[in-house]
Amino acid sequence: MMDTKKQIRLDVNHMMADTLGMQYAIAASTVDEYAPFAAAAQRQVQTRRGTGWLGWMELPYNQEEIVAEIERVAARVRSDYEAFVVLGIGGSALGPIAVQQALNHLHYNELPAEKRGGPRLYVEDNIDPERMAALLDVIDVKRTCFCVITKSGATAETMSQYLIVSDLLKREVGEGWQRQIIAVTDHEKGNLIKIAKEEGFDTFFIPDGVGGRFSELCPVGLVPAAVCGIDIRALLAGAADMDARCKTDDVWKNPALLEAVLQYIAMEDLDMNVQVVMPYADSLKFIADWFCQLWAESLGKRVTRKGMAVNFGQTPTKSLGVTDQHSQLQLYTEGPYDKVVTFIKVESFRKETPIPHGCEQFPDVAFLGGKTHNQLIEAERQGTEYALYKAGRMNQTIVLPEVNAYTIGQLLYFFEMCTAYAGELLDIDAFNQPGVETSKIASYAVLGNPAEKYVKAREEMTGRPGAKPEYTL
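Here we summarise the structure given alongside this text.

Regarding the side chain of Lys345
Thinking step 1. Structurally, Lys345 is set in strand 9 (residues 339-346).
Thinking step 2. On the accessibility criterion, Lys345 (19% relative accessible area) is buried.
Thinking step 3. In this structure the side chain of Lys345 is engaged in a polar contact, spanning 3.5 Å, whose partner is the side chain of Glu378.
Thinking step 4. The residues touching Lys345, leaving out its near neighbours within four places in the chain, are Glu378, Arg381, Thr397, Ile398, Val399 and Leu400.

So, in structure tokens, the structure goes:
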């Protein structure tokens, strides 16, 4: 039986017309009108679970042996290495970063080894030429394990990093260098699995039907989390909890379905084309980054499944409370009526920071004495919520009882289910990314990849109008 006290909650009061007012909000009767379409979307997703690109829905249940093996390898890595480097990009990086920030010490890498309990973690998710050099300045290659994550084994950014790292290991470590690489890739297709088999790397597989942005709860995210001491079984148990709550087609009882319907109405009926995700906790800062990829890459589509041109998509953006009250809130309260703000609230923080008494001669400072940062950050969140309410701006709150592996597992799965439902409501393929593929092909064409499609792309690129000097100042 699920413990409801440990469940995350969705509070949509300030999305609703009977709370916020009619002009830029949603009537409960409108949600009821969409309820049959929502139920159909829920049933369609449920019927297809585990098939096609919905393999991620089964991750909370089908990984017992894999989790045990991850825990075994993670124990070896913690014992033998002082640094752990993830080579990946997109979902292969954003998920591990988000979960590490959420569940481990906010200055994890700076802790002494005995307090850290695991190797320092670095996630190299870009190919800025200065970045690899900077990494090599702060790690001892001989005491570092590298985790290469790419399903295809053809991701240029990740495989270029692999070439650099493997060459370095061969030169500095020599025989046995292969022990310092873990591969996470497809079980049979692609380049990396061939390399892994040839070299004998520890290897974990990205299951069929699990795309990059839905991969945090498979070895892509579970390996780095386990290496850094995170309870990956609790992550999966939290996801299973949210999955159970999403098995009803009643829009008023399924939190992810209600969220999908509200965002659909906001997009389609109210032209709310921006969603701001604003956690009030530093631990959840990168959850917003992870969500931005999930929402943007899944729902930003040119055509429907039937090929009708629509150019759908709500732009996700990230904000951090309290920090961005001082940089973005002015826009949210007085700018265009085109945004929904999603707060993420933590009810019980893992630490309490008391504020001492002092500065009694200054009443506007002295009143803080005897309170805590815990009280202050929640007061600031409530103040921002009220400012948006007063300005008639739609906002909602996702409440975490506390930040732990169980609640983070729920939160990740909630966002994934909401994305799947929204794709159904919009009648788009939420699991492809043709716009990204165009960019990849063009990039490889520039670098001279000899395959036919890249040669053709290079010809197309050189055939476009040339740059005019008068437009470059």
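Side note on the packing of helix 2 (residues 28-48) against helix 11 (residues 255-268)
Thinking step 1. Contact geometry for helix 2 and helix 11: axes closest at 10 Å, N-to-C directions at 120 degrees. Relative to helix 11, helix 2 is oriented oblique. The interaxial crossing formed by helix 2 with helix 11 has right-handed handedness. Contact residues: Thr30, Val31, Tyr34, Ala38 and Gln42 in helix 2; Leu257, Leu258, Val261, Leu262, Tyr264 and Ile265 in helix 11.
Thinking step 2. Among the residues making up the contact of helix 2 with helix 11, the classes are represented as nine nonpolar, two polar and no charged.

Some remarks on the packing of helix 2 against helix 16 (residues 405-426)
Two measures define how a pair of helices packs: the angle their axes make with one another and the distance between the axes.
Thinking step 1. Contact pair helix 2 / helix 16: the axes reach a minimum separation of 9 Å and the direction vectors enclose 115 degrees. As helix 2 packs across helix 16, the resulting crossing turns out to be right-handed. Touching Phe37, Ala38, Ala41, Gln42, Gln44, Val45 and Arg48 of helix 2 are Met417, Ala420, Tyr421, Glu424 and Leu425, all from helix 16.
Thinking step 2. When the residues that make up the contact of helix 2 with helix 16 are grouped by side-chain class, the tally is eight nonpolar, two polar and two charged.

Remarks on the layout of surface pockets
Thinking step 1. Estimated volume of the largest pocket: approximately 1000 Å³.
Thinking step 2. Taken together, 38 residues form the lining of the largest pocket, with Ser152, Thr155, Gln433, Glu437 and Lys440 sitting closest to its centre.
Thinking step 3. Only helix 4 (91-103), helix 7 (156-172), helix 12 (285-299), helix 17 (434-446) and helix 18 (452-462) provide two or more residues apiece to the lining of the largest pocket.
Thinking step 4. Here the element with the most residues in the lining of the largest pocket is helix 17; it accounts for seven residues.

Section: helix 8 (residues 191-199)
Thinking step 1. Buried within helix 8 are the following residues: Leu192, Ile193 and Ala196. Relative to the axis of helix 8, the buried residues are bounded by an arc of 100 degrees and lie together on one face. Facing away from the buried side of helix 8, by more than 90 degrees, are the exposed residues Lys194 and Glu198.
Thinking step 2. Residues of helix 8 that are buried make contact with strand 4 (144-149), strand 5 (181-185) and strand 6 (202-205).
Thinking step 3. One or two residues past the end of helix 8 sits Gly200, with phi positive at roughly 80 degrees.

The rules we used
Residues numbered from 1 in each chain as written. Predicted model: local features only at pLDDT ≥ 70, side-chain atom pairs only at ≥ 80, totals over all residues. Heavy atoms only, no water. Helix = DSSP H or I, 4+ residues; strand = E, 2+ residues; numbered from the N terminus. Buried < 20%, exposed > 50% of the residue type's maximum accessible area, 1.4 Å probe, protein only. Polar contact = N/O pair within 3.5 Å; in protein donor to acceptor, adjacent residues only side chain to side chain. Contact = heavy atoms within 4.5 Å. Axes fitted to C-alpha atoms, helices over the stretch in contact; angles between N-to-C directions. Parallel < 35°, antiparallel > 145°, perpendicular 65-115°, else oblique. Left-handed = near helix turned anticlockwise from the far one by under 90°. Nonpolar A, V, L, I, M, F, W, Y, C, P; charged D, E, K, R; others polar. 1 Å grid on protein atoms, 1.4 Å probe; cavity = no way out; pocket = protein on both sides within 12 Å on 5 of 7 lines; lining within 4 Å. Points joined across faces, edges and corners; volume = space filled by probe spheres on them. Arc of directions from axis to C-beta.

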